[in-house]
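Architecture and fold: a report
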Amino acid sequence: MSLGAVLTIGGVSPKELGLGTFRNSQRPILSSTVDNTVTIPGMHGAYDFGAMMGPKQFELECAFMEKNHIELQRRVSAFAAFLLDGDGRPRTMDIVFVNSPDRKYSVRYVGSLNIDRISGLGTFTLPFTAFDPFAYSTYTTIDINVDNTVITVDSDLLVDSGYTFTLSGPQSVQIQNIGTLNVEPVIDITGSFTTLSLTVGGIEFIYSQPMSGRLVIDFKRKTARIGTQNVLMNSNARFGKIPRGTSNIIVSGIGIDINMAVVFRQKYA
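Residues numbered from 1 in each chain as written. Predicted model: local features only at pLDDT ≥ 70, side-chain atom pairs only at ≥ 80, totals over all residues. Heavy atoms only, no water.

Mapped onto the secondary structure, Asp 218 falls in strand S16 (residues 211–218). In terms of polar contacts, Asp 218 uses its side chain to reach the backbone amide nitrogen of Lys 220, at 3.0 Å. Sequence-distant contacts of Asp 218, defined by excluding residues within four places in its chain, comprise Pro 185, Val 186, Thr 223 and Phe 239. (Helix = DSSP H or I, 4+ residues; strand = E, 2+ residues; numbered from the N terminus. Polar contact = N/O pair within 3.5 Å; in protein donor to acceptor, adjacent residues only side chain to side chain. Contact = heavy atoms within 4.5 Å.)

As structure tokens, this is what we get:
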């Protein structure tokens, strides 16, 4: 067995935690499905209304290797505190695996955590659950530039991909989504317009009131805000998704003079 299945946990390397993580750790291809079916008495089979993905569970084979049982206990106590927040509740943290250094899962400790001890050696299985079962890029689209060190050299992303635009009228802008799944962006607009329409993934979001300042439209949370003010009532509240691959966002309206940033993380199964 070779060490090094995990690159970072909660932004900290296993080495800093005194921890070895082995490559035989369990990392499923997909999480279990949550199936929506209905069975009818007297009918063979069932009606299938599709499925969603359940949480994804990881079991990491780990070890502490210290000089003696006292040093081992110090490591164990420090690691227990690392997994919890200030109130003693399991905290959610990001985990990045060595073989996918540009992707992260948000996980927390779930279950029980026993350890086998032999002098300074302690081995255990660390159970993590990602309640959002999908991986996301460690960077956002506004991080993309030729000097950025968080984007790995083997990434499919082109560093000259555009996600910020200066628009003085209706225009179609091209967006690259190299993930394997559709994404719901945050579109951050500064400037002014009389009316604005954004067509994302074939669905048109319309903001029908004049605006001067900064408008932030969150397609995942289904919100629109100017500062702290909720202005969703000024829109038709229709939110699309950016499909995988290359697609266009169609910007139209009256009196458009804006800077627009399309912000998201690549999303992977």
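Let us look at the pairing of strand S19 (residues 245–254). In this sheet, S19 lies alongside strand S12 (residues 171–177) in antiparallel orientation, the contact comprising seven bridges. The residue of S19 that forms the bridge with Gln 176 is Thr 246. Taken together, the five bridges between strand S14 (residues 195–200) and S19 define a ladder with antiparallel strand orientation. Bridge pairing in S19 places Thr 199 opposite Ile 250. (Pairing = 2+ DSSP bridges.)

Moving on to the environment of Ile 250. Here Ile 250 lies in strand S19. For Ile 250, a relative accessible area of 43% corresponds to the partly exposed category. Note: C-alpha distance between Ile 250 and Pro 170 (80 residues apart in sequence) is 7.8 Å. What Ile 250 contacts, discounting residues up to four positions off in sequence, is Gln 171, Ser 172, Ser 197, Leu 198 and Thr 199. (Buried < 20%, exposed > 50% of the residue type's maximum accessible area, 1.4 Å probe, protein only.)

We now examine the sheet that holds S12. For sheets, the rule is that strands pair by backbone hydrogen bonds, running either parallel or antiparallel. Taken in spatial order, the four strands line up as S12-S19-S14-S15 in an open sheet, and their pairing is antiparallel. Edge positions in the sheet fall to S12 and strand S15 (203–207), since each of these pairs with one other strand and no more. Strand-to-strand twist of the sheet, defined as the mean angle between neighbouring strand axes without regard to direction, takes the value 20 degrees. Judged from the five bridges that link them, S14 and S15 form a sheet pairing that is antiparallel. The residue of S15 that forms the bridge with Leu 196 is Tyr 207. (Axes fitted to C-alpha atoms, helices over the stretch in contact; angles between N-to-C directions.)

Strand order in the open sheet made by the six strands is S11-S20-S13-S16-S17-S18, with antiparallel pairing throughout. Only two strands of the sheet have a single partner each, and these edge strands are strand S11 (164–167) and strand S18 (229–230). With two bridges joining them, strand S17 (residues 223–226) and S18 adopt antiparallel strand pairing. By the bridge assignment, Arg 225 is partnered in S18 with Asn 230.

With 58 residues, the main nonpolar core has Phe 128, Ile 189 and Met 260 as its most contacted residues. Excluding residues within four positions of it along the chain, Ile 189 makes contact with Leu 196, Leu 198, Met 211, Gly 213, Arg 214, Leu 215, Ile 217, Ile 258, Asn 259 and Met 260. (Core = buried A, V, L, I, M, F, W, Y, C linked by side-chain atoms within 4.5 Å.)

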